[in-house]
Amino acid sequence: MENLVDVRAFPAGFTWGLATAAYQIEGAADEDGRGRSIWDTFAPRGEAVCDHYHRWESDLDLLASLKVTGYRLSVSWSRLQPAGRGELNLQAVIFYRNLLSGLRARGIEPFVTLYHWDLPAALEAEGGWAERETAFRFADYARRTVEALGDLATRWITLNEPWCSAFLGYGYGEHAPGRTDLDAAVAAAHHLSLAHGLATLAIRDVAPHAKVGITTFVADVVAAGDGADDRAAARRLDAVKNRVFLDPIYHGRYSALVLDCVDPMGLWALMRTGDLEIISTPTDFAGISNAQRVVARHDPAAPFGVREEPADPSGSLHAVLERVSAEFTGLPLYVGESGARRRDHDGASGRILDPERVDHLSRAFAAAARALADGVDLRGFFVWSFMDTLERSGVVYVDHGTRERIPKLSAHWYRDLIVAHGSIPEMDSVPAA
């Protein structure tokens, strides 16, 4: 297990972060007025999570002990606005105000995601993201939430990985709400982009000082072979996995290739005058989530005529950061989420050893360092995730019987990396975002 990271590549003020999502760690599913979300129906977890809702103070102490300078958390739409409309739930506001105040008291900057996939079930019953009205419901929720919490957080992320919400949730049935309708997925994609733009405008209205961005999933797509069919398949997969969001958000248009791929599912009919102007409302930073390289192989029987095959992800993060910076936006970039499910091993004296995860993170940070050296304006990196959920992807182990937290080898590795970076004298500072 080789440490590939040269911490001198990272400027002073670089955000060293960890990330979580509300549904995956909070628990307290039926407490203090929380409403049901689409994930409560699709993959019920109830109390079989980290119970962060009741243990947040000690969790923040643990977070601080790892020396991180930033924490990307999400607030739950179904906790704050249980029916997806109307006044905010006061108990939820109190919880999140306490949480954000606790982070600030510990010197950790919150990056708050407004939507990490937990659509209120009441809105899904009305059609969910396949319906245009949901974008306006989200903008109202964003406005009310930032009004209630905006004095405690400066950086706001509208959506987390909208491709997953749209295509895995509505097209392929792999995420909540579990629908398998590509027409609905394309509608959801457009309405999620519209929601991002409307929410950005709403946040600007109530908190002009706020910094706003979105975290998009960007895959490194490569052709399976040199033949024309596979190369065309790679372009189509890039269109429906990456450009369907990156083009309208950062270029204010849908490219011809995106339209060729998804207009048969009704995209053009969804458009209204002014939509693209709203979607491309300027933001302050761009979050990039990447954990994979995907091989595209021509297959007329597969969706969009492409069969996806997994590939070695080595080098994919560097490639994605360079591409987004060069082709889509000059905004400051953050790695909004990078991590991996890796096997944990029992060590002596109750230690949790996860050398495969350490190796993955070492390679990811080395890729980020290469991107910085190549001129990418990278301001921070959020490791997924702070603590274990049922997916066991955390750098902190959670015993789901006792709820005990035990930092893994990867947590110690990350802390040491941050401390080493902080000990380097006379470093150049990151410019203000």
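Residues numbered from 1 in each chain as written. Predicted model: local features only at pLDDT ≥ 70, side-chain atom pairs only at ≥ 80, totals over all residues. Heavy atoms only, no water.

## Digging into the sheet that holds strand β2 (residues 70-74)
Taken in spatial order, the eight strands line up as β1-β2-β3-β4-β5-β7-β10-β13 and close into a barrel, and their pairing is parallel. Here the strands of the sheet are splayed against their neighbours by 25° on average, with no regard to which way each runs. Contacting β2 and β3 (109-115), helix α5 (residues 90-105) crosses the sheet at an angle of about 170° to β2. In this fold helix α16 (residues 409-422) packs onto β1 (15-19) and β13 (378-384), with an angle of close to 160° to the strand it touches most, β1. (Pairing = 2+ DSSP bridges. Helix = DSSP H or I, 4+ residues; strand = E, 2+ residues; numbered from the N terminus. Axes fitted to C-alpha atoms, helices over the stretch in contact; angles between N-to-C directions. Contact = heavy atoms within 4.5 Å.)

## Regarding the nonpolar core
Formed by 136 residues in total, the largest nonpolar core has its most connected members in W129, F138, F365 and Y414. It is helix α9 (residues 182-206) that contributes the most residues to this core, twelve residues altogether. With near-sequence residues (within four places) excluded, Y414 lies in contact with W16, G17, L18, V68, F365, F381 and V383. In this structure, A21, F111, F382 and W384 belong to the second largest nonpolar core, which totals eight residues. (Core = buried A, V, L, I, M, F, W, Y, C linked by side-chain atoms within 4.5 Å. Buried < 20%, exposed > 50% of the residue type's maximum accessible area, 1.4 Å probe, protein only.)

## Considering empty space enclosed by the protein
Across all of its chains, the model carries four cavities of 30 Å³ or more by this definition. In terms of lining, the second largest cavity is formed by T20, A22, I25, E26, H52, Y71, L73, S74 and L99. Top element by residues in the lining of the second largest cavity is β2. It accounts for three residues. Taken together, the residues that form the lining of the second largest cavity break down as five nonpolar, three polar and one charged. (1 Å grid on protein atoms, 1.4 Å probe; cavity = no way out; pocket = protein on both sides within 12 Å on 5 of 7 lines; lining within 4 Å. Points joined across faces, edges and corners; volume = space filled by probe spheres on them. Nonpolar A, V, L, I, M, F, W, Y, C, P; charged D, E, K, R; others polar.)

## A word on helix α3 (residues 52-65)
For α3, built from 14 residues, the straight-helix expectation of 20 Å at 1.5 Å per residue is missed by more than 12%, its first-to-last C-alpha distance being only 17 Å. The largest bend in α3 amounts to roughly 45° and is located at S58. Turning to α3, its buried residues number three or more, namely H52, Y53, W56, D59, L60, L62 and L63. Following α3 by one or two positions, K67 adopts a phi angle in the positive range, close to 70°. (Expected span 1.5 Å × (residues − 1). Bend = angle between axes of the 7 residues up to and from the residue.)

## With respect to α9
Along an α-helix, residues three or four positions apart point the same way, because every turn accommodates 3.6 residues. Taking 1.5 Å of rise per residue, 25 residues should cover 36 Å, and α9 covers 36 Å from first to last C-alpha, within 8% of that figure. For α9, the buried fraction is high: 19 of the 25 residues fall into the buried class. For α9, the capping residue at the N-terminal end is D181, with a side-chain oxygen 3.0 Å from the backbone nitrogen of D183. (Polar contact = N/O pair within 3.5 Å; in protein donor to acceptor, adjacent residues only side chain to side chain.)

## Comments concerning the packing of aromatic side chains
The final tally for this structure, using the stated rule, is 31 aromatic pairs. Aromatic side chains W77 and Y115 sit 6.0 Å apart centroid to centroid with 85° between the ring planes, which places their arrangement in the edge-to-face category. Separated by 38 residues along the polypeptide, W77 in helix α4 (residues 77-80) and Y115 in strand β3 bring together distant segments of the chain. Classification of Y115 as buried rests on a relative accessible area of 1%. Residues W163 and F217 carry aromatic rings whose centres are separated by 6.0 Å and whose planes lie at 25° to one another, so their mutual orientation is stacked. With W163 in helix α8 (residues 162-171) and F217 in strand β5 (residues 211-217), this pair connects stretches of sequence that are 54 residues apart. Among the residues examined, W163 registers a relative accessible area of 7% and is labelled buried. Assessed through its relative accessible area of 12%, F217 is described here as buried. Site record: aromatic cluster; members linked through ring pairs are F10, F14, W16, F365, F381, W413 and Y414. (Phe/Tyr/Trp six-rings, centres within 6.5 Å; stacked < 30°, edge-to-face > 60°.)

## Some details on the side chain of T113
Assignment of secondary structure puts T113 in strand β3. A relative accessible area of 1% places T113 in the buried class. In this structure, T113 is in contact with R72, L73, S74, V75, I157, L159 and N160, ignoring residues within four places of it in sequence.

## What about the sheet that holds strand β6 (residues 220-223)?
A sheet is described by the order of its strands in space; here three strands give the open sequence β6-β8-β9, paired in mixed fashion. With partners counted over all chains shown, the strands left at the sheet margins are β6 and β9 (306-311), one partner each. Geometrically, the sheet is characterised by an average inter-axis angle of 35° between neighbouring strands, direction not taken into account. Taken together, the four bridges between β6 and strand β8 (residues 293-298) define a ladder with parallel strand orientation.

## Some thoughts on the packing of α8 against α9
Relative orientation of the contacting elements α8 and α9 amounts to 160°, with a least axis distance of 8 Å. Considered as vectors, α8 and α9 are oriented roughly antiparallel to each other. Classified by chirality, the crossing of α9 by α8 is right-handed. Every residue of α9 that contacts α8 at P162, S165, A166, F167, Y170 and G171 is listed here: L182, A184, A185, V186, A188, A189 and L192. (Parallel < 35°, antiparallel > 145°, perpendicular 65-115°, else oblique. Left-handed = near helix turned anticlockwise from the far one by under 90°.)

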